[in-house]
Amino acid sequence: MASSNSKSTNETARKIFKILLSNPRIKVSWVKAHSGNIGNERADQLAKDATQHGQPYSHTKIPKPCIKGLLRKRMLEEWQTSWKNGDTGRKIYNIMPSVSFRPTNWIREDVIFFSQHGPFPANLKTFHLSDSDYCSCGGIFTALHYATE
């Protein structure tokens, strides 16, 4: 590879070598072409576009905090969509419909109670941890039954 030779006369190769020397955390390795590696396939597509359309990919320096903010925003959007359209956790979704990196104001016991995921026989029976979901009074032993009966 031309970039691994520090005496290369190829200007691009010398630039790459200089970048690699000043950034020891960057690792370069050979990747088999067309083996399904997403990053490699994307790089291949960008190279083809540049050679066929004369539109080289330009590297724009963006500050790390800006990139982190954009990634964080995108991740939250995808997480929210997944949470909104999911099949599981619907009881929790009903009390916490929005995702966030910040802790909620809900205390653990309230979440357990309102989601009915606590140590109640009705919940324990779901996981085969109890033989019966009935209370001694004959009602189904849910969180609401526990609080009201």
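What you are looking at is a predicted structure, and each value in this text was computed from that prediction instead of being measured. (Residues numbered from 1 in each chain as written. Predicted model: local features only at pLDDT ≥ 70, side-chain atom pairs only at ≥ 80, totals over all residues. Heavy atoms only, no water.)

### Quick word on the overall build of the protein
Right, on to step 1. Along its length, the protein carries seven helices and zero strands.
Right, on to step 2. Here the protein has a C-alpha radius of gyration of 28 Å; the compact-globule value for 149 residues is 15 Å, and the former is much larger.
Right, on to step 3. Referenced to the eigenvectors of the C-alpha coordinate spread, the extents of the protein come out at roughly 90 × 35 × 30 Å.
Right, on to step 4. Of all 149 residues assigned to the protein, the portion counted as buried reaches 13%. (Helix = DSSP H or I, 4+ residues; strand = E, 2+ residues; numbered from the N terminus. Rg over C-alpha atoms; globule rule 2.2 N^0.38 Å. Buried < 20%, exposed > 50% of the residue type's maximum accessible area, 1.4 Å probe, protein only.)

### Here's the deal with the environment of Thr-104
Right, on to step 1. Tracing the backbone shows Thr-104 in the loop between α4 (90-95) and α5 (108-115).
Right, on to step 2. Looking at Thr-104, the relative accessible area reads 42%, which means it is partly exposed.
Right, on to step 3. Among the polar contacts made by the side chain of Thr-104, one reaches the main-chain amide nitrogen of Trp-106 at a distance of 3.3 Å. (Polar contact = N/O pair within 3.5 Å; in protein donor to acceptor, adjacent residues only side chain to side chain.)

### Considering unusual backbone geometry
Leaving glycine aside, a negative phi is the common case for residues, and trans is the common case for peptide bonds.
Right, on to step 1. Despite not being glycine, His-128 shows a phi value in the positive range, around 60°.
Right, on to step 2. One can find His-128 in the loop between α6 (121-126) and α7 (143-148).

### Considerations on a positive patch on the surface
Right, on to step 1. On the surface, Arg-25, Lys-64, Lys-68, Arg-72 and Arg-102 cluster together to form a positively charged patch.
Right, on to step 2. Summarising the element assignment, Arg-102 is placed in the loop between α4 and α5.
Right, on to step 3. For Arg-102, a relative accessible area of 68% puts it in the exposed group. (Patch = residues over 30% accessible without salt bridge, like charges linked within 9 Å, V, L, I, M, F, W, Y side chains within 5 Å. Areas by Shrake-Rupley, 256 points an atom, 1.4 Å probe, with all protein chains shown as cover. Salt bridge = Lys/Arg side-chain N within 4 Å of Asp/Glu carboxyl O. Lys, Arg positive; Asp, Glu negative; His and termini not counted. Charge placed at Lys NZ, Arg CZ, Asp CG, Glu CD.)

### Here's the deal with the domain arrangement of the protein
Right, on to step 1. Once the domains are mapped, the protein shows domain 1 (11-54) and domain 2 (81-148).
Right, on to step 2. Between the C-alpha centres of domain 1 and domain 2 the distance comes to 50 Å. (Domains from an automatic or database assignment.)

### Some points on the environment of Arg-90
Right, on to step 1. Looking at where Arg-90 falls in the secondary structure, it is placed in helix α4.
Right, on to step 2. On the basis of relative accessibility, which here comes to 26%, the residue Arg-90 falls in the partly exposed class.
Right, on to step 3. Between the C-alpha atoms of Arg-90 and Pro-119, which are 29 residues apart in sequence, the distance is 19 Å.
Right, on to step 4. When residues no more than four places from it in sequence are discounted, the contact partners of Arg-90 are Trp-83 and Lys-84.
Right, on to step 5. A distance of 3.1 Å separates a polar atom in the side chain of Arg-90 from the backbone oxygen of Thr-88. (Contact = heavy atoms within 4.5 Å.)

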